[in-house]
Amino acid sequence: MTLHLAVLGSGNAVPTATRGCPGLLLRGGGEALLLDPGPGSLAAAARLGVGPGAVTGVLITHLHLDHHLDLAALLFALHDPRFRGRPPLRVRGPRGLLRVYGLWREAYGKWVEPAGYTLDIEEAGPGPRELGALRLEACEVPHGSTPALGWRIREGGEGPVLAYSGDTGEGPGAAACGREADLFVLECTLPEGEAPLKHLTAAAAGRVAASARCRRLLLVHFSARVDGTPILEAVRAAYGGPVVLATDGYETGV
Ligand SMILES: [Zn+2]
Ligand SMILES: [Zn+2]
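Treat the numbers as computed from the prediction; the structure is a model and nothing was measured.

Scoring rules and cut-offs
Residues numbered from 1 in each chain as written. Chains lettered and ligands numbered in written order. Predicted model: local features only at pLDDT ≥ 70, side-chain atom pairs only at ≥ 80, totals over all residues. Heavy atoms only, no water. Donors = N, O, S within 2.8 Å, 3.2 Å for Na, K, Ca; no water. Tetrahedral: all angles 85-135°; square planar, octahedral: opposite > 155°, others 65-115°. Patch = residues over 30% accessible without salt bridge, like charges linked within 9 Å, V, L, I, M, F, W, Y side chains within 5 Å. Areas by Shrake-Rupley, 256 points an atom, 1.4 Å probe, with all protein chains shown as cover. Salt bridge = Lys/Arg side-chain N within 4 Å of Asp/Glu carboxyl O. Helix = DSSP H or I, 4+ residues; strand = E, 2+ residues; numbered from the N terminus. Phe/Tyr/Trp six-rings, centres within 6.5 Å; stacked < 30°, edge-to-face > 60°. Buried < 20%, exposed > 50% of the residue type's maximum accessible area, 1.4 Å probe, protein only.

Caption draft 1: Structural view of the coordination of the zinc ion (ligand 1). Within the protein, Asp66 (OD), His67 (NE2), Asp167 (OD) and His221 (NE2) serve as the donor atoms for the zinc ion (ligand 1), at 2.1 to 2.4 Å. The site at the zinc ion (ligand 1) holds 4 donor atoms, and with the angles between them running 89 to 157 degrees, its shape is irregular. In the primary structure, the donors to the zinc ion (ligand 1) are separated according to the pattern D-H-x99-D-x53-H. The two metals, the zinc ion (ligand 1) and the zinc ion (ligand 2), are separated by 3.6 Å and share aspartate 167 as a common coordinating residue.

Caption draft 2: Summary view of a nonpolar patch on the surface. Taken together, the side chains of Phe76, Tyr108 and Trp111 make up a nonpolar region of the molecular surface, amounting to roughly 360 Å² of accessible area. With respect to the helices and strands, the residue tryptophan 111 is situated in the loop between helix H3 (97–108) and strand E6 (119–123).

Caption draft 3: Highlighting the packing of aromatic side chains. According to the stated counting rule, one finds 1 aromatic pair in the structure shown. Between phenylalanine 76 and tryptophan 111 the ring centres are 5.9 Å apart and the planes differ by 85 degrees, which places this aromatic pair in the edge-to-face class. A residue pair is termed long-range when its members are at least 10 positions apart, and phenylalanine 76 in helix H2 (residues 69–77) and tryptophan 111 in the loop between H3 and E6 qualify at 35 residues. Exposure remark for tryptophan 111: the relative accessible area of 42% places this residue in the partly exposed category.

In structure tokens form, the structure reads like this:
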């Protein structure tokens, strides 16, 4: 086991008393990455011992606010003089990321610009890339008209694979993102009966996981409408592997 995952927020755009907005923390290969730092992620990571100064990279799936707003909070926090000379902060995200960052600079000026460290921010197309010792692969997933990526991450060429869908509808892109992953973190937003076009129902998540043939499934991004419904039963109609319904603070090896 070389990668360690923590769920910072297991909810969707509407935080509740028990579920924060999306956010994952991945540690391994000398990195501490925030995946989709939605509102509240920065504080949740700090509670796990990874404060702003320890974050080495940020991966973003798409530019809905619940999946990236704490990147602005991180850039602001890193203005504290104690972080001068820290290692570079690498940020990778979908098409549109540089425009959003440009608008933040226009609005917030120097407060979101790096002071005494390097900010390496790039839009990622689909395909493989490296981040330190980690191998990344961005996969396009269907999320309406919003450009959206899933991420696959492994340490070196042989380590176990973590796949994270971000927000996705049911379709070949979602299954391709999770193909034979050791751990597939997949969204589960909609109650049964709704069309899984931009988001997934539990039954659709089960079908995506079965088609991906992932080894383990971790469901996240629960809305208040799906919470309390028979999620596990719906997933198991199609997927027979181990399934965990994430809670805030859930941690696991990959
Ligand atoms: Zn979302
Ligand atoms: Zn979204």
